[in-house]
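Topology and contacts: notes
Listed below, chain by chain, are the residues.
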Amino acid sequence: MRTLPAIFDNLALPIIGSPMFIVSNPTLVVEQCKAGIVGSVPALNARPQSQLDEWISEIRERLAAYDSQAATPAAPFAVNLITHKTNARLEQDLEVVIRHKVPLVITSLGARPEVNEAIHAYGGIVFHDVINNTFARKAIEKGADGVIAVAAGAGGHAGVKSPIALIQEIREWFDGPLALSGAMSTGNAVLAAQALGADFSYIGSAFIATHEARAPEEYKQAIVDGNSDDIVYTNLFTGVHGNYLKRSISNAGLDPANLPTSEGRDMNFVEGESKAKAWKDVWGAGQGIGVVREVTSAKALVARLGEEYHAARHRLGLANQA
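In this report, the structure presented in the accompanying data block is examined. Along each chain, numbering runs from 1 in the same order as the chain's sequence is written. Only residues with pLDDT of 70 or above have their local features reported here, since the model is predicted, and side-chain atom pairs are shown and tallied only from 80 upward, although totals for entire chains, interfaces and linings are computed over all residues. Hydrogens and waters are ignored; side-chain quantities use all the structure's heavy atoms.

Moving on: the nonpolar core. Grouped together as the largest cluster of nonpolar side chains are 49 residues, with contacts concentrated most on Ile-170, Leu-180, Ile-203, Phe-207, Tyr-219, Ile-223 and Leu-245. Numbering goes from the N terminus for both helices and strands, where a helix is a DSSP run of H or I of at least four residues and a strand is a run of E of at least two. For this core, the element with the most residues is helix H11 (residues 298-315), which contributes six residues. It only takes one pair of heavy atoms within 4.5 Å for two residues to be counted as in contact. Residues in contact with Ile-203, not counting those within four places in the same chain, are Ile-15, Ile-16, Gly-17, Ser-18, Met-184, Val-190 and Leu-305. What is meant by a nonpolar core is a set of buried Ala, Val, Leu, Ile, Met, Phe, Trp, Tyr and Cys residues, joined one to another through side-chain atoms within 4.5 Å. Think of it in three bands: with a 1.4 Å probe and only protein chains considered, a residue is buried below 20% of the maximum accessible area for its type, exposed above 50%, and partly exposed in between. Val-41, Val-96, Val-105 and Ile-119 belong to the second-largest nonpolar core, a separate cluster that totals 25 residues.

In structure tokens:
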């Protein structure tokens, strides 16, 4: 049995709440951690850049206050860094992460040895998200501690690999921490991810439909109303393929069934009559939204996932096994 880093000892469920651009914020992170799963936030959600220091301070203070009263400490939190060469804020954001000694850092869009080394220097842990086995190898070779396998159906920037194929290929050579992302919105899916060989489920889209999420009410309701047929996979909006809600694409003045292919697009605007900003008006979501029935609290969502997870374990005769 694999031994995971000690920071995960207090998890109530093997879940990492994925960092969602625009949507994630300190309140959602704190409520996820208090409920017993890893909460995370993209550094780029803090705008201006100076706000990142304030956000991490707020998260630490609120979790410390909770821990002083709770019987079980909160789960750890994570910050997501976009390590692509186009991210002009990376150096500043990394300095803030180092100063606060963020326990878990999730890196995206390019593994960077110097970033990993800087985080390891204070004792932090780095997970890198990947869409295929080749990128997973590169991430570990460049010093990441764990891998987040982003399979088909995941919200936002997603791959096209079957979760079964992706996990089994990575597990042929890697025995370290591994999370699986892709269309998971139930406790059954969390157990299925473990059965495939993952240590954690990486869940985002279901948390958009929570009171704490920083998303317009129309976005939350679209998650509740939608299902996998309402998800469109395209690279038009950021230059990187991702999954988006069909309703938001239509609202931006575009035809979801006839989207052009992007070639070297920046991340600022959608082409078309509306020139809508991709991160504001075109909403990311994964294929797992079909089981999201209501807008609820993060605490209630985690509780529902826990009930389903333990029921699934009991159904398979695993209830009394560690």
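And the narrative resumes.
A pair of strands is considered paired only if DSSP assigns at least 2 bridges between the two. A sheet is described by the order of its strands in space; here eight strands give the open sequence S1-S9-S8-S6-S5-S4-S3-S2, paired in parallel fashion. Only two strands of the sheet have a single partner each, and these edge strands are strand S1 (15-17) and strand S2 (39-42). Between one strand axis and the next, the sheet turns through 25° on average, direction left out of account. Bridging between S1 and strand S9 (residues 200-203) involves three bridges; their strand directions are parallel. In the strand pairing of S9, Ile-15 is matched with Ser-201. Its contacts with the sheet place helix H3 (residues 90-100) against strand S3 (77-82) and strand S4 (104-108), and it is angled at close to 160° to S3. To obtain each axis, a line is fitted to C-alpha atoms, and for helices this fit is confined to the stretch in contact; angles are then taken between N-to-C directions over 0 to 180 degrees. Of the strands in this sheet, S3, S4 and strand S5 (125-130) are in contact with helix H4 (residues 113-121), which crosses S5 at around 150°.

Mapped onto the fold, Gly-284 is located in the loop between helix H10 (278-281) and H11. For Gly-284 and Gln-194, which are 90 residues apart along the polypeptide, the C-alpha to C-alpha distance reads 25 Å.

Further remarks concern helix H2 (residues 51-69). An ideal rise of 1.5 Å per residue puts 27 Å on 19 residues; H2 measures up with 28 Å between its terminal C-alpha atoms. Those residues of H2 not exposed but buried are Leu-52, Trp-55, Ile-56, Ile-59 and Leu-63. Buried residues of H2, seen end-on, are gathered within an arc of 95° and therefore sit on one face of the element. For H2, the exposed residues set more than 90 degrees away from the buried face come down to Glu-61, Ser-68 and Gln-69. In this structure, the buried residues of H2 make contact with helix H1 (26-34), S2, S3 and H3. To estimate how far a helix should extend, the number of its residues minus one is multiplied by 1.5 Å. The arc in question is traced by the directions running from the helix axis to the C-beta atoms.

Judged by how many residues are buried, S3 sits mostly within the fold: five of six residues are covered. As paired strands, S2 and S3 are joined by four bridges and run parallel to one another. When the bridges of S3 are listed, Ser-40 appears paired with Ala-78. By convention a crossover is right-handed if, when the strands point away from the viewer, the path from the first strand over the helix to the second runs clockwise. After leaving S2, the chain enters H2 and then returns to the sheet as S3, a path that is right-handed. Looking at chain direction, S3 and S4 are connected through five bridges and run parallel. Bridging across to S4, Val-79 finds its partner in Val-105. Note on the crossover from S3 through H3 to S4: the handedness is right-handed.

With that out of the way, let us pick up the sheet that holds strand S10 (residues 231-234). Read from one edge to the other, the open sheet built from three strands follows the order S7-S11-S10, with strand pairing classed as antiparallel. Edge positions in the sheet fall to strand S7 (156-157) and S10, since each of these pairs with one other strand and no more. As defined by bridge partners, S7 adjoins strand S11 (residues 242-245) across two bridges and the pair is classed as antiparallel. Bridge pairing in S11 links Gly-156 to Asn-243.

With that out of the way, let us pick up the pattern of salt bridges. When a carboxyl oxygen of Asp or Glu is within 4 Å of a side-chain nitrogen of Lys or Arg, the pair counts as a salt bridge. In total, this model carries nine salt bridges according to the counting rule given. Glu-114 serves as the salt-bridge partner of Arg-112, at 2.6 Å between the closest nitrogen and oxygen. You can call Arg-112 partly exposed: its relative accessible area is 26%. In this structure, Glu-217 engages Lys-220 in a salt bridge whose closest nitrogen and oxygen atoms are separated by 3.7 Å. Here Lys-220 and Glu-217 lie together in helix H8 (residues 217-225), a separation of three residues that amounts to about one turn. A residue is classified by how much of its surface remains accessible, and Glu-217, at 52% relative accessible area, is exposed.

Once that is clear, we can look at the packing of helix H7 (residues 187-196) against H11. The contact between H7 and H11 brings their axes to 7 Å, and the two run at 55°. Looking at the two axes, H7 sits oblique to H11. Handedness of the H7/H11 crossing: right-handed. Where H7 abuts H11, its residues Gly-187, Asn-188, Val-190, Leu-191 and Gln-194 lie against Leu-305, Glu-308, Tyr-309, Ala-312, Arg-313 and Arg-315. Throughout, the ten residues Ala, Val, Leu, Ile, Met, Phe, Trp, Tyr, Cys and Pro are labelled nonpolar, Asp, Glu, Lys and Arg are labelled charged, and all others, Gly among them, are labelled polar. Taken together, the residues that form the contact of H7 with H11 break down as five nonpolar, three polar and three charged. An angle counts as roughly parallel when it lies under 35 degrees, as roughly antiparallel when it exceeds 145, as roughly perpendicular when it falls between 65 and 115, and as oblique in every other case. Each crossing gets its hand from how the near helix is turned against the far one by less than a right angle, where anticlockwise is left-handed and clockwise is right-handed.

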